[in-house]
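Architecture at a glance
So the chains spell out like this:
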Amino acid sequence: MRFACRHLETRMLIRLFALATLCVSAATQAAPALPNASHASPDGRLSVVVTTDNNGRPSYSILRGGREVVAPSRLGFMFLDAPKFERNMVIDGQRTRVFDQTWEQPWGERREVRNHYNELRVTLSEKNPPRRGYDVVFRLFDDGVGFRYEFPDQPQLQHVRISEELTEFQIADEATAWWIPAGEWNRGEYLYHRTPL
C-alpha cells in the first residue's frame with residue numbers, strides 16, 4: 001500500500017510539473033493583438049471604442065447611452081522624414097485608470113471644481129518592421145471626451161516631424177455647432193454663430 005501511494009504521488013508531481021511548464025511557456029509567448037479597446041465614463045453613459053480594420057487602419061468611435069455620437073473616425077499621422085502611421089497597425093494593449101480630484105478656484109461661477117474621469121490608454125504598434133508605436137490617451141468625463149497622442153521613446157522613431165495629422169471627427173447624426181471665426185488678433189471677442197454642423 002505504501003508503494004502504491006508513493007507511485008501515485010510521483011505521477012501527480014510529474015503532472016503538476018508538466019502543467020506548470022505549460023503555463024510558463026504560454027505566459028512567455030507574445031500576447032496576441034487585441035481586436036479592440038474600450039472604456040466608459042464614470043457614470044457609464046459615454047464610452048469610446050478603438051479598433052483597427054482589415055488593413056490595420058486604426059479608428060475610434062464614441063457612444064452616448066449606447067448610441068453612436070462620433071462614428072468610426074480615423075487616427076494616424078503623416079511624417080516629413082519617416083513612413084506614415086496610417087495602416088498595418090495592431091492594438092498591442094490597453095490600460096485604464098480612474099482620476100478624481102476636487103480643486104478650488106479663486107474666481108468663477110463655482111468655487112470648487114471636480115476633475116473626475118476614467119482614462120483609457122491604447123497602445124498601437126506596426127505589425128511589421130520597424131514596429132514603431134504610439135499611445136492614444138482618452139479621458140472620459142460624464143459630460144465629454146478628450147484624447148491626445150503620445151510617442152514613447154523608441155529607437156526606431158528618434159524624432160517626430162509631423163506633416164499631417166489624419167485624425168477625423170465623423171459626427172454620426174445631424175448636429176448643431178457654436179463657433180467663431182479664427183485668424184484675427186481679437187478672435188476671442190466675436191459673437192458665436194449657431195449653425196448646423
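Chains are numbered independently. Their residues run from 1 in the order of the written sequence. Totals for whole chains, interfaces and linings use every residue, but because this is a predicted model, local features are given only for residues with pLDDT of at least 70 and side-chain atom pairs only at 80 or more, for both listing and counting. Think of the side-chain values as coming from all heavy atoms in the structure, minus any hydrogens and water.

1. Describing the overall build of the protein chain
The secondary structure content of the protein chain amounts to one helix and 13 strands. In DSSP terms, a helix is any run of H or I states spanning at least four residues, a strand is any run of E spanning at least two, and both are numbered starting from the N terminus. Start at the N end of the protein chain and walk to the C end: the helices and strands fall as α-β-β-β-β-β-β-β-β-β-β-β-β-β. Contacts are residue-level and defined by heavy atoms, with any inter-residue pair within 4.5 Å sufficient. Taking the intrachain contacts of the protein chain between residues at least 6 apart in sequence as the baseline, contacts between residues at least 24 apart amount to 49%.

2. With respect to the nonpolar core
Here, nonpolar core means buried Ala, Val, Leu, Ile, Met, Phe, Trp, Tyr and Cys residues that are tied together by side-chain atoms lying within 4.5 Å of each other. Type-normalised accessible area, obtained with a 1.4 Å probe on protein chains alone, sets the label of each residue: buried when under 20%, exposed when over 50%, and partly exposed for intermediate values. With 22 residues, the main nonpolar core has Y60, Y134 and F138 as its most contacted residues. Where this core is concerned, the elements lending two or more residues are β2 (46-52), β3 (58-64), β5 (77-79), β6 (89-104), β7 (112-126) and β8 (133-141). Here the element with the most residues in this core is β8; it accounts for four residues.

3. Looking at the environment of Q156
With respect to the secondary-structure elements, Q156 resides in the loop between β9 (144-150) and β10 (162-165). Sequence spacing of Q156 and A82 is 74 residues, and the spatial spacing of their C-alpha atoms is 9.8 Å. Apart from residues no more than four positions distant in its own chain, Q156 is found in contact with P130, R131 and R132.

4. Details of the packing of aromatic side chains
Aromatic contacts are taken between Phe, Tyr and Trp rings whose centres are within 6.5 Å, Trp giving its six-membered ring; a plane angle under 30 degrees counts as stacked, one over 60 as edge-to-face, and the others as tilted. Counting across every chain of the model gives 18 aromatic pairs. Here F79 and F151 contribute two aromatic rings whose centre-to-centre distance is 6.3 Å and whose plane-to-plane angle is 70 degrees, an arrangement assigned as edge-to-face. In this pair, F79 is assigned in strand β5 and F151 in the loop between β9 and β10, connecting sequence segments 72 residues apart. Given the relative accessible area of 26%, F151 is considered partly exposed. The structure contains a cluster of three or more aromatic residues connected by ring pairs, namely Y60, F77, F79, F85, Y134, F138, F147, Y149, F151 and F169. When the ring centre of F85 is taken as reference, the NZ or CZ atom of R132 above it lies at 4.3 Å. Working rule: Lys NZ or Arg CZ, within 6 Å of ring centre, within 35 degrees of ring normal, means a charge sits over the ring.

5. Quick notes on the environment of T102
Positionally, T102 belongs in strand β6. Note on T102: relative accessible area 49%, which makes it partly exposed. On a C-alpha basis, the gap between T102 and H116 in space is 8.1 Å, while along the polypeptide they are 14 residues apart. Excluding its chain neighbours within four sequence positions, the residues that come into contact with T102 are E112, V113 and R114.

6. Focus: the sheet that holds strand β11 (residues 170-171)
Taken in spatial order, the five strands make up an open sheet running β1-β2-β3-β4-β11, and their pairing is antiparallel. Only two strands of the sheet have a single neighbouring strand rather than two, namely β1 (36-40) and β11. Paired strands, as defined in this entry, are two strands with at least two bridges between them according to DSSP. Bridge analysis of strand β4 (residues 67-74) against β11 gives two bridges, and the strand direction is antiparallel. Note on β11: the bridge partner recorded for A71 is Q170.

7. Considering the confidence of the model for the protein chain
Detailed reading of the predicted coordinates is not advisable wherever pLDDT is low. On average, the protein chain scores 84 in pLDDT, and the residues at 70 or more come to 82%. For the stretch residues 1-30, pLDDT sits under 50, and the model shows zero contacts to residues farther than four places along the chain or on other chains. For every residue, the predictor assigns a confidence score, pLDDT, that lies between 0 and 100.

8. Some remarks on the pairing of β7
As defined by bridge partners, β6 adjoins β7 across 15 bridges and the pair is classed as antiparallel. Residue pairing across strands places E104 opposite E112, the latter belonging to β7. The pairing of β7 with β8 spans eight bridges and is antiparallel. In the sheet register, N118 faces β8, and the bridge partner there is L140. Hairpin remark: β7 followed by β8, antiparallel, with six residues in the connecting loop; positive phi at R131, about 60 degrees.

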